[in-house]
Amino acid sequence: MADPHGFLHIPKKEAPKRPIAERVHDWHEVTLPLTPDERNAEVAEQATRCMDCGIPFCHSGSAGCPLGNLIPEWNDLVRRGRWSAASERLHATNNFPEFTGRLCPAPCESACVLSLADTHTTGSVTIKRIEQTIADVAWESGTVEPKPPMIVTGRKVAVVGSGPAGLAAAQQLTRAGHDVTVYERDDRLGGLLRYGIPEFKMEKSVLDQRLMQMRAEGTHFVTDCEVGVDLTVEQLRENVDAVVLAIGALRARDNTSVEGRELTGIHLAMEHLVTSNRECEGDGPASITAKGKHVVIIGGGDTGADCLGTAHRQGALSVTQLDYHPELPSERDESVTPWPASPMVLRTSPAHAEGGVRRYQVAVQRFLGDENGNVRAMVLAEVRVSREDGKRTITPVGEEIELPCELALFAIGFEGVDLGPLLDDYGLSPTRRGALSCGPDWQTTAPGVFVCGDAHRGASLLVWAIAEGRSAAHAVDVYLTGASALPSPVHPTALPLAVV
């Protein structure tokens, strides 16, 4: 059983980071590499802080992990040095713990009972760090091996999109014995894991090793193929028994009404991140770079933070990140977001620690250009945000401020799935949220066509994408064979716990 006193005498300790002066000059992950023995001993000690609560909110589907990760179980196995068994328990619920351990914002930690006293000594268990270490140890020791199917059903499934939802669905369906082909319109696999997530957050070798496992299990991959264009829906329909749409929610939100938006040097955030990731892949210098420029990032979320870290590494002269919301508090306000709901607190990424300025309650009024049509500055104003009848209004309330700006990046979210012949040919229309609806069996209105991940949920967390991919795979297996032993961790209508 767990050590019931562990959290009382062992301080919470996050993974150490590499020195800022070093890491901003390369693209390697920001975590400081430790020797395996040192890392494993430190993480085993952190796992000892887990109390194995009577009601473990950390893997509650609504408050904590939607995958239902068996967190107290693998914490105790790590505490006792049983790394192989811990990997088995972790992989029982999560296809890609090396992804989530690096990239997930860890709702499990917000729901940890110890987060009720969130201090340096008695804060939540470092679940995310423990999860990543279990996965890394498993790869290093050779514990992660291909798991080819024991049976072959003869049924063919097409998965459209190779992001986390699509990969999770594909791996589950392959292991159930179906002949699965993943179609990706980009030249490389991974979706946003490949071209959206910067290298300093997850090196792509981590993604590649998992893709090698999937290939060895029998999953087929086709790149440079946009279904609906390069391969018609009719051609696909003739060759497969079921289709899973895991096409993401890549239609970025823009603000074309801002005066000067047409100036050169103003881009959507993903345009910047994709070109920088391609440079890391060896495709040549990025076509959009922050080198030697004053950069302004419009949007205070994770995508904006990714642009911030990227701009640092490209050699920006200055970086300013704008947010029209007020600055959030550093500690949970129980009257606003009581535990175990995810707290509304200021989140600081390693990129923020590297430099730059964050400005709150401001919004762009217009861009100013030079004689050559390049952006040279932006005009800001303090604003007040209000809501009436569900509609958001942003009202300037202060004096205007001119800010140097030679590269502006819009990181203000996503509007939903990309529109095009794929949806038209299946007769599917996005909802008002830009997502694709489905029934309780994850099936759209097109027979035999299922949907999962951001395409169904809207832009969301990595862990929800994997959970939906696993659940959709269960539904497809039932559709093809009449029954399924595959897990189904979430329902299509499932939502994270929130205060309304």
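Anything mentioned here points back to the structure above.
Our subject in this report is the structure included herewith.

What counts, and where the lines are drawn
Residues numbered from 1 in each chain as written. Predicted model: local features only at pLDDT ≥ 70, side-chain atom pairs only at ≥ 80, totals over all residues. Heavy atoms only, no water. Core = buried A, V, L, I, M, F, W, Y, C linked by side-chain atoms within 4.5 Å. Buried < 20%, exposed > 50% of the residue type's maximum accessible area, 1.4 Å probe, protein only. Helix = DSSP H or I, 4+ residues; strand = E, 2+ residues; numbered from the N terminus. Contact = heavy atoms within 4.5 Å. Pairing = 2+ DSSP bridges. Axes fitted to C-alpha atoms, helices over the stretch in contact; angles between N-to-C directions. Patch = residues over 30% accessible without salt bridge, like charges linked within 9 Å, V, L, I, M, F, W, Y side chains within 5 Å. Areas by Shrake-Rupley, 256 points an atom, 1.4 Å probe, with all protein chains shown as cover. Salt bridge = Lys/Arg side-chain N within 4 Å of Asp/Glu carboxyl O. Phe/Tyr/Trp six-rings, centres within 6.5 Å; stacked < 30°, edge-to-face > 60°. Lys NZ or Arg CZ within 6 Å of the ring centre and 35° of its normal. Expected span 1.5 Å × (residues − 1).

**Description of the nonpolar core**
Within the largest apolar cluster, 45 residues are counted, with the highest numbers of intra-cluster contacts made by F99, V157, M202, V244 and V476. Listing elements by their share of this core, those giving two or more residues are α6 (97–103), β1 (156–160), α9 (164–175), β2 (179–183), α11 (204–217), β4 (242–245) and α18 (462–481). Among the elements that take part in this core, α18 stands out by supplying 11 residues, more than any other. Apart from the residues lying within four places of it in its own chain, the contact partners of V157 are L173, H178, D179, V180, T181, V240, A242, V244, V476 and L480. Counting 23 residues, the second largest nonpolar core, distinct from the first, contains A44, C58, I71 and V78.

**A short note on the sheet that holds β4**
Ordered in space as β3-β2-β1-β4-β15, the 5 strands form an open sheet in which the pairing is parallel. Edge strands, defined here as strands with exactly one partner in the open sheet, are β3 (220–222) and β15 (449–451). Ignoring strand direction, the axes of neighbouring strands in this sheet form an average angle of 20°. Of the pairings in the sheet, the one linking β2 to β3 comprises 3 bridges and is parallel in character. In the strand pairing of β3, V182 is matched with F221. Against the sheet, α9 makes contact with β1, β2, β3 and β4, and its axis sits at roughly 165° relative to β2, the strand it touches most.

**Examining the sheet that holds strand β8 (residues 318–323)**
Spatial strand order, β6-β13-β7-β8-β9: 5 strands in an open sheet with parallel pairing. Two strands close off the open sheet at either side, each with one partner strand: β6 (266–268) and β9 (357–360). Neighbour to neighbour, the strand axes of the sheet diverge by 20° on average, direction disregarded. Here strand β7 (residues 294–298) pairs with β8 via 5 bridges, running parallel. Paired with I298 across the bridge in β8 is L322. Along the sheet face, helix α13 (residues 269–280) touches β6 and β13 (407–410) and points at about 80° away from the line of β6. Contacting β7, β8 and β13, helix α14 (residues 302–314) crosses the sheet at an angle of about 175° to β8.

**What about a nonpolar patch on the surface?**
On the surface, L328, V336 and M344 cluster together into a nonpolar patch covering about 240 Å² of accessible area. With respect to the helices and strands, M344 occurs in the loop between β8 and α15 (350–353). Using a relative accessible area of 45% as the deciding quantity, one classes M344 as partly exposed.

**Regarding the packing of aromatic side chains**
Under the counting rule described, the total for this entry stands at 5 aromatic pairs. Ring centres 5.4 Å apart and planes at 70° place the aromatic pair F450 and Y479 in the edge-to-face group. On the criterion of sequence distance, the pair formed by F450 in strand β15 and Y479 in helix α18 is long-range, its members being 29 residues apart. On the basis of relative accessibility, which here comes to 1%, the residue F450 falls in the buried class. Judged by its relative accessible area of 39%, Y479 falls in the partly exposed class. In this structure, R313 packs its charged tip against the face of F200, placed 4.0 Å from the ring centre.

**Things to note about helix α3 (residues 36–47)**
One turn of an α-helix holds 3.6 residues; hence residues three or four places apart share an orientation. Compared with the 16 Å implied by 1.5 Å per residue over 12 residues, the 16 Å span of α3 between its first and last C-alpha is a close match. Tucked into the core, α3 has its buried residues touching α4 (71–79), α5 (83–91) and α8 (127–141).

**Concerning the pattern of salt bridges**
The full count for this structure, using the stated rule, is 33 salt bridges. One salt bridge connects E42 with R129, and the closest N-O pair in it is separated by 2.4 Å. Here E42 is found in helix α3, whereas its partner R129 is found in helix α8, with 87 residues between them in sequence. The pair formed by E42 and R129 is uniform in burial state, with each residue classed as buried. One salt bridge in this structure joins D283 and R188, with 2.9 Å as the shortest N-O distance. Of the two residues, D283 is situated in the loop between α13 and β7 and R188 in the loop between β2 and α10 (192–195); the sequence distance between them amounts to 95 residues. Classification of R188 by relative accessible area gives partly exposed; the value is 21%.

**Describing unusual backbone geometry**
In the segment running from W339 into P340, the intervening peptide bond is cis, with an omega of 10°. Topologically, P340 is positioned in the loop between β8 and α15.

**Observations concerning the pairing of β13**
Burial along β13 is two-sided: L407 and L409 and A408 and F410, pointing in opposite directions, are all buried. Examined bridge by bridge, β6 and β13 share 3 bridges and lie parallel to one another. By the bridge assignment, I266 is partnered in β13 with A408. By the bridge criterion, 4 bridges tie β7 to β13 in an arrangement that is parallel. Each residue of the ladder has a partner; that of V295, found in β13, is L407.

Geometric values such as these leave the question of function open.
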